Amino acid sequence: FFRMTFLEFEKPISELFDQLAEARELAEKSQVDMSKVIQELEQKIDHTRKDLYSKLTPWQRVQVSRHPDRPYTIAYINYMTDGSWNEMHGDRTVGDDKAMVGGLGCVNGKPVMFIGQQKGINTKMRQYRKFGMANPEGYRKALRLMKLAEKFDIPVVSFIDTPGAYPGLEAEERGQGEAIARNLYEMMLLKVPVVCVIIGEGASGGALGIGIGDTVLMMENSW
């Protein structure tokens, strides 16, 4: 039974999931027929979830956008591409920023260049990915991939999910502001279609650095 992470306002759903887990455990251990109870609980969970999510406050939407169980960029790319995608690394100057990912994949048989921030799926990976906060080399890697896509007439799709660009001293020393500004300038001039999708948080220049496109879309519970 998959254990989900629940936000504070999702407490009614959490309690119903606990009851559902108990009912399933009882059915398994005692061989008692709990199918009707389980079905009723599942329906109640579905109804309660729909009711709660139909009247979210602005702050609750922000909380949902940061939900640790949300899919991140790599998950979207894996679902969208035909089979697999080829991740590309490095900015050819400093190194490979793990907070910014990108590469080529095929959608319905046609090549697409994907770029996006990746937060990480657990504590260790979040530290590895710097919680989706890219350094200058991340934005320069993104620009390198966009220019490569332009060279071969391949559309670009960017997935935005970041609390902001990395705020450390080393990022400023390597030209964080210049890297983001360069991306803003270059993305306005790209000769291929650019679609930007905000899948979670779209905060500050960290989002803008890959957020200039012909079409900008947002998931319902994103900001």
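Residues numbered from 1 in each chain as written. Predicted model: local features only at pLDDT ≥ 70, side-chain atom pairs only at ≥ 80, totals over all residues. Heavy atoms only, no water.

> Lay out the overall build of the chain with the relevant residues and their values.
On a plain count of helices and strands, the chain comes out with nine helices and six strands. Dimensions of the chain along its principal axes, counting C-alpha atoms only, are 65 × 40 × 30 Å. When each of the 223 residues of the chain is scored for burial, the buried share is 47%. For the chain, restricting intrachain contacts to residue pairs at least 6 apart in sequence, the fraction spanning at least 24 positions comes to 70%. For the chain, the exposed area adds up to about 12200 Å²; of that, 56% sits on carbon and sulfur atoms. (Helix = DSSP H or I, 4+ residues; strand = E, 2+ residues; numbered from the N terminus. Buried < 20%, exposed > 50% of the residue type's maximum accessible area, 1.4 Å probe, protein only. Contact = heavy atoms within 4.5 Å. Areas by Shrake-Rupley, 256 points an atom, 1.4 Å probe, with all protein chains shown as cover.)

> Explain the pattern of salt bridges to me, and be specific about the residues and the numbers.
Taken as a whole, this structure holds 16 salt bridges when the rule is applied. When the shortest N-O distance is used, the salt bridge between R66 and E201 registers 2.7 Å. Of the two residues, R66 sits in the loop between helix 3 (58–65) and helix 4 (73–80) while E201 sits in strand 5 (residues 194–202), which places them 135 residues apart along the sequence. Looking at R66, the relative accessible area reads 41%, which means it is partly exposed. For E201, a relative accessible area of 5% puts it in the buried group. Close ionic contact of R174 with E137 constitutes a salt bridge, the shortest N to O distance being 2.9 Å. Within this pair, whereas R174 is found in the loop between helix 7 (169–173) and helix 8 (176–189), its partner E137 is found in helix 6 (residues 136–151), the two being separated by 37 residues in sequence. Judged by relative accessible area, R174 falls into the partly exposed class, the value being 29%. Residue E137 is classed as buried on the basis of its relative accessible area, which comes to 8%. Taken together, the shared-partner salt bridges in this structure form one network comprising R140, K147, E150, E178, R182 and E186. (Salt bridge = Lys/Arg side-chain N within 4 Å of Asp/Glu carboxyl O.)

> Would you mind going over the layout of surface pockets in detail, with residue names and values included?
Its boundaries defined by the atoms lining it, the largest pocket holds a volume of some 250 Å³. Lining the largest pocket are 15 residues, and of these Y53, V64, H67, D69 and R70 lie nearest its centre. (1 Å grid on protein atoms, 1.4 Å probe; cavity = no way out; pocket = protein on both sides within 12 Å on 5 of 7 lines; lining within 4 Å. Points joined across faces, edges and corners; volume = space filled by probe spheres on them.)

> How would you explain the nonpolar core if you had to name every residue and give the values?
Counting residues in each nonpolar core, the largest one holds 26 residues, and the members touching the most others are M100, M113, I115, Y139, M146, V156 and I210. In terms of residues, this core owes the most to one element, helix 6, which gives six residues. With sequence-adjacent residues up to four places away left out, M146 is seen in contact with I115, V156, N183, M187 and L190. (Core = buried A, V, L, I, M, F, W, Y, C linked by side-chain atoms within 4.5 Å.)

> Would you mind going over the packing of aromatic side chains in detail, with residue names and values included?
Across all of its chains, the model carries four aromatic pairs by this definition. Ring centres of F114 and F159 lie 6.1 Å apart, and the angle between their planes is 10°; this geometry places the pair in the stacked category. Within this pair, whereas F114 is found in strand 3 (residues 110–117), its partner F159 is found in strand 4 (residues 156–162), the two being separated by 45 residues in sequence. As far as burial versus exposure is concerned, F114 and F159 are alike and both buried. Members of the aromatic cluster, joined through ring pairs, are Y76, F114 and F159. (Phe/Tyr/Trp six-rings, centres within 6.5 Å; stacked < 30°, edge-to-face > 60°.)

> Please give an account of helix 4 that cites residues and values.
Inspection of helix 4 places T73, I74, Y76 and I77 among the buried residues, and these make up the whole buried set. Buried residues of helix 4 fall within an arc of 160° about the axis and therefore sit on the same side. On its buried face, helix 4 sits against strand 1 (85–87), strand 2 (100–107), strand 3, strand 4 and strand 5. (Arc of directions from axis to C-beta.)

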